[in-house]
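# Coordinates in review
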Amino acid sequence: MKEISSTEQFDFISEIKTKVRQAQYDTLKAVNVALINLYWEIGKSLTEKQSLNWGKAVVPTLSAELQKEFPGVGGFSVGNLWLMAQFYTEYQEDENLVPLVREISWSKHVTILKKCKDSLERQFYILSTKKFGWTKNVLIHQIENKTYEKYLLNQTNFDSTLPDSIKNQAVLAVKDEYTFSFLGLADEHSERELENALVQNIRNFLLEMGHQFTFVGNQFKIEVEEKEYFVDLLLYHRQLQCLVAIELKIGEFIPEYKGKMEFYLTLLNEKVRMPNENDSIGIIICKEKNRTVVEYSLKTGNQPIGVASYNTSTQIPKDYQKLLPDNKTISEKIEKYFQ
């Protein structure tokens, strides 16, 4: 009998575990598709009957009969039946949404249905949930935090400084504004207090930064000719395969910050970046920023930099909707983001 090494046994068991997990995922996905198909058909039937002037009383009656006929099977409450009708009515004529109907679970569809009224916004969150594996709670957090608007309005120079292979994904990795309400900081705080609070709340910080970020360190030291320089926060983006330098500023953005970040990125690329990694990118996060000043500042230079603002409350800027581009531009951006 051949002697099996511990490594071979470990690899064999790991392979079987992977197959079991994949089978579980496939089963859950099949169940979800079947459930969504059922709810879609029920919603369609209810919508058709309503168009024939059937009264609203049919829904409570249908709910009672279904729960009586299928005891122990959830999902047939009056409220849920009306949601099925709304789901079908609002999605069935939208060419962007119909192909996505079966991509996420019903509870996540309901979250998007209730919280998002714009078709392109719904498309964004469905695709994001599918791509990044967001749980329902994470999805709610992303919607309430205006992630859709923050991605569309972000200010970077990635189009001119990054290769085509990663620039669309890089744009998606930077928001226009970050919400650090979980820090509990006073309105007046120092840059060191902000940095320390982010490190102490690292899990929430990475969740706010977005999918695929990992923490490398804070006050990351780089030496040049016996002089020391420190990057406030250094992250790594797994999908982009690059280091991400973050500089924190408690005041308004000024153009000089870009020059400092370019210096840091040059050092990271020369002294820290691994041979198999892409060039580093930088994110300058300020308390405030003038969009026009940022736009002009980013026109020059060859280092990939994004400029964002932050707030320490849940209050969202009122003018975000007014700043959004037209629907055609949004559609093009969404298509690029999720290629």
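Keep in mind that this is a model prediction, so the values were computed, not measured. (Residues numbered from 1 in each chain as written. Predicted model: local features only at pLDDT ≥ 70, side-chain atom pairs only at ≥ 80, totals over all residues. Heavy atoms only, no water.)

## Focus on the side chain of glutamate 195
One can find glutamate 195 in helix H10 (residues 191-200). Of the side chains with opposite charge, arginine 192 lies nearest to the buried glutamate 195, which makes no salt bridge, at 4.1 Å. Beyond its immediate stretch of four places on either side in the chain, glutamate 195 contacts Asn218, Gln219, Asp232, Leu233 and Leu248. (Helix = DSSP H or I, 4+ residues; strand = E, 2+ residues; numbered from the N terminus. Buried < 20%, exposed > 50% of the residue type's maximum accessible area, 1.4 Å probe, protein only. Lys, Arg positive; Asp, Glu negative; His and termini not counted. Salt bridge = Lys/Arg side-chain N within 4 Å of Asp/Glu carboxyl O. Contact = heavy atoms within 4.5 Å.)

## Some thoughts on the UniProt feature "domain: YhcG N-terminal" (unreviewed entry) in the chain
The sites that UniProt annotates as "domain: YhcG N-terminal" (unreviewed entry) are residues 15-150. The span residues 15-150 is 74% helical and 0% strand by assignment, and the distance between its end C-alpha atoms comes to 40 Å. (UniProt positions renumbered as here; feature names shortened; annotations may be inferred.)

## Here we look at the packing of aromatic side chains
The final tally for this structure, using the stated rule, is 17 aromatic pairs. Judged by centre distance (6.0 Å) and plane angle (50°), the ring pair of phenylalanine 124 and tyrosine 151 falls under tilted. One end of the pair, phenylalanine 124, is in helix H5 (residues 119-132); the other, tyrosine 151, is in helix H7 (residues 147-152), with 27 residues separating them in the sequence. Accessibility classification places phenylalanine 124 together with tyrosine 151 in one group, the buried group. Ring centres 6.3 Å apart and planes at 15° place the aromatic pair tyrosine 178 and phenylalanine 180 in the stacked group. What links up through ring pairs into an aromatic cluster is the set Tyr39, Trp40, Phe87, Tyr88, Tyr91 and Trp106. When the ring centre of tyrosine 257 is taken as reference, the NZ or CZ atom of lysine 249 above it lies at 4.8 Å. (Phe/Tyr/Trp six-rings, centres within 6.5 Å; stacked < 30°, edge-to-face > 60°. Lys NZ or Arg CZ within 6 Å of the ring centre and 35° of its normal.)

## Some points on the pairing of strand S4 (residues 227-237)
Sheet analysis places strand S3 (residues 213-224) next to S4, joined by ten bridges and oriented antiparallel. Its bridge partner lying in S4, phenylalanine 213 is registered against histidine 237. Counted along the chain from S3 to the antiparallel partner S4, the turn is two residues long, and its residue glutamate 225 has a positive phi close to 50°. Sheet analysis places S4 next to strand S5 (residues 242-252), joined by five bridges and oriented antiparallel. What sits directly across from leucine 233, in S5, is isoleucine 246. Connecting S4 to the next strand, S5, in antiparallel fashion are four residues, including glutamine 241 with a positive phi near 55°. (Pairing = 2+ DSSP bridges.)

## What about helix H2 (residues 58-69)?
The terminal C-alpha atoms of H2 lie 16 Å apart, and with twelve residues this matches the ideal 16 Å at 1.5 Å per residue to within 8%. Within the sequence span of H2, burial applies to Val59, Ser63 and Leu66. Burial along H2 is one-sided: seen end-on, the buried residues are contained in an arc of 70°. Away from its buried face by more than 90 degrees, H2 exposes Lys68 and Glu69. Where the residues of H2 are buried, they touch helix H1 (6-51) and helix H3 (78-91). (Expected span 1.5 Å × (residues − 1). Arc of directions from axis to C-beta.)

## Examining the pattern of salt bridges
Within this structure, the stated rule accounts for 14 salt bridges. Across the pair glutamate 223 and lysine 221 runs a salt bridge whose closest N-O atoms are separated by 3.6 Å. Through salt bridges with shared partners, one network takes in Asp176, Lys289 and Arg291.

## Quick notes on the pairing of S5
Across the eleven residues that make up S5, a large majority, eight, are buried. Looking at chain direction, S5 and strand S6 (residues 281-288) are connected through seven bridges and run parallel. Bridge pairing in S6 places valine 244 opposite isoleucine 281. Handedness of the β-α-β unit built from S5, helix H12 (residues 256-272) and S6 comes out right-handed. (Right-handed = clockwise from strand over helix to strand, strands pointing away.)

## Section: helix H9 (residues 164-172)
Among the nine residues that make up H9, seven are buried, leaving the element largely enclosed by the rest of the structure. Every buried residue of H9 is listed here: Ile166, Lys167, Asn168, Gln169, Ala170, Val171 and Leu172.

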